[in-house]
Amino acid sequence: MTARGLAVITGASGGLGVPIVRRLADAGYALALVDMNPAVEELAATLRQEGISASAIVANLSEDAGIASVVAGVRAAGTPLTLLVNNAGITRDARLQKMEVAQFDQVIEVNLLAAMRLTQGLEDVFADGASVVSMSSRAALGNFGQANYVTSKSALIGFTRALAQRWAPRVRANVVSPGLVDTPMTQAMPEEVLAKLVEKVPAARIGTPLDVANAVVFLASDEASYITGQVITVCGGRSLAP
Amino acid sequence: MSIIIEQRPASGLTDVADQLRDAFLRAREAIDASETVIIIAQAPDLLGQGTVEDAAVATGLLGLMRAITFEGASKGWQINMVAVDSGTEAPAEILAMAGQPGPLKGQVLNAGTGHMGKVIP
């Protein structure tokens, strides 16, 4: 058993998921890595080779069976569940008038409903003093061509605010809202486009995945034990700048 | 003319998705018809004081309003939110203000006092 207990991370094999996983491992958590992508099994195996306690759960969180497999995996781990990181997310961008209903529904399902379903499914499994950290986005404040994504990420904040009040004082719930962060998605942008975006960041740099992971670890820690229902926007000041 | 979209109590996750999709479609249709849009939400749900489902709907609608405002700022699209306290109706004068074509775009107009001293999302 590890000192920090068990952390469940969804979207664990994604661009932000892997850095969060590694930072949580550094912080001393045992890890249950959840993803639809079977590549998560390879990630868990790699971590175990490094001496880190890690298991993989390949699951579709849109299905009851997927939720059940995560709950069963957590119970089987034999380590108290102290942290859930709702990190799984997708984009299906389109201008408002071009956006298909399916694009809207898919993003709401993955970014919002799956997180709500899993969090509530784990209610009875959380240890006292556990924490839920959900990944929203600075885009929750508004963004072009992302009516579906903005809706989902804003709704995730509301869910968290209500959850924090309903589950207090046993479990805390908070949100991390990343801004422009160096991930495979931003690395795929044309260099000049990315440079223009960075120009708008008061911190004068793109965020690193570690910047985001550090916020997750902080919110989950005892140092944040009086913080619940809040949003930390990790955006280098972009959410304030013109 | 304004199209009014009103938050309803959510009966479950499916209803959360249904309300958000319905709001997306109705708002888009209104904008296509050059109409203004007013979303009426429950202020306690914006603060997360009710169920998780109702909070998700209220803040999801807030996000939708902001996304549409962001995308349509240069096109004249107008959508605002009126937040009402529990058991109250949106006052006619605030609805008129929210729907009046003009510079008021992407705003939450609180019709009560329940939000005071709280962190507004």
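Computed from a prediction, not measured in an experiment: that's the story for all the values here. (Residues numbered from 1 in each chain as written. Chains lettered and ligands numbered in written order. Predicted model: local features only at pLDDT ≥ 70, side-chain atom pairs only at ≥ 80, totals over all residues. Heavy atoms only, no water.)

Some thoughts on the pairing of strand β2 (residues 36-42) of chain B
Sheet faces and side chains relate simply in a regular strand, where the side chains alternate between the two faces.
Residue and element names in this part refer to chain B.
Logical step 1: When you tally the buried positions in β2, you get six out of seven residues, the bulk of the element.
Logical step 2: As paired elements, strand β1 (residues 2-6) and β2 share five bridges and run parallel to each other. If you follow Glu 6 over to β2, its bridge partner there is Ile 40.
Logical step 3: After leaving β1, the chain enters helix α1 (residues 13-32) and then returns to the sheet as β2, a path that is right-handed.
Logical step 4: The pairing of β2 with strand β3 (residues 79-84) spans six bridges and is classified as parallel. Its bridge partner lying in β3, Ile 40 is registered against Val 82. (Buried < 20%, exposed > 50% of the residue type's maximum accessible area, 1.4 Å probe, protein only. Helix = DSSP H or I, 4+ residues; strand = E, 2+ residues; numbered from the N terminus. Pairing = 2+ DSSP bridges. Right-handed = clockwise from strand over helix to strand, strands pointing away.)

With respect to the packing of helix α4 (residues 101-121) of chain A against α1(B)
Logical step 1: At a closest axis distance of 10 Å, the pairing of α4(A) and α1(B) adopts a crossing angle of 145°. Note on packing geometry: the crossing formed by α4(A) with α1(B) is right-handed. Together, Val101(A), Phe104(A), Asp105(A), Ile108(A), Leu112(A), Leu113(A), Met116(A) and Arg117(A) of α4(A) and Leu13(B), Val16(B), Ala17(B), Leu20(B), Arg21(B), Phe24(B) and Leu25(B) of α1(B) make up the contact between the two elements.
Logical step 2: Split into classes, the residues belonging to the contact of α4(A) with α1(B) amount to twelve nonpolar, no polar and three charged. (Axes fitted to C-alpha atoms, helices over the stretch in contact; angles between N-to-C directions. Left-handed = near helix turned anticlockwise from the far one by under 90°. Contact = heavy atoms within 4.5 Å. Nonpolar A, V, L, I, M, F, W, Y, C, P; charged D, E, K, R; others polar.)

Some points on the interface of chain B and chain A
Often, the extent of an interface is quoted as the loss of accessible area upon association of its parts.
Logical step 1: Taken together, the contact pairs 34 residues of chain B with 34 residues of chain A.
Logical step 2: Where chain B abuts chain A, roughly 2800 Å² becomes buried across the two surfaces, and 65% of that area is made up of carbon and sulfur atoms.
Logical step 3: On the chain B side of the contact with chain A, Leu13(B), Val52(B) and Glu71(B) bury the most area, a combined 23% of that side's loss.
Logical step 4: At the junction of chain B with chain A, the criterion picks out one salt bridge.
Logical step 5: Here Arg21(B) and Asp105(A) are joined by a salt bridge, their closest N and O atoms 2.8 Å apart.
Logical step 6: Put simply, chain B and chain A have 13 residue pairs in polar contact (both at pLDDT 80 or more) between them. (Buried area = accessible area lost by both parts, 1.4 Å probe. Salt bridge = Lys/Arg side-chain N within 4 Å of Asp/Glu carboxyl O. Polar contact = N/O pair within 3.5 Å; in protein donor to acceptor, adjacent residues only side chain to side chain.)

What to know about helix α4 (residues 92-99) of chain B
Residues and elements named next belong to chain B.
Logical step 1: Within the span of α4, buried status applies to Ile 94, Leu 95, Ala 98 and Gly 99. One side of α4 holds all its buried residues, which, seen down the axis, span an arc of 125°. Seen from the buried face of α4, the exposed residues on the opposite side, beyond 90 degrees, are Ala 92 and Glu 93.
Logical step 2: For α4, the secondary structure elements touched by its buried residues are β1, β2, β3 and β4 (108-110). (Arc of directions from axis to C-beta.)

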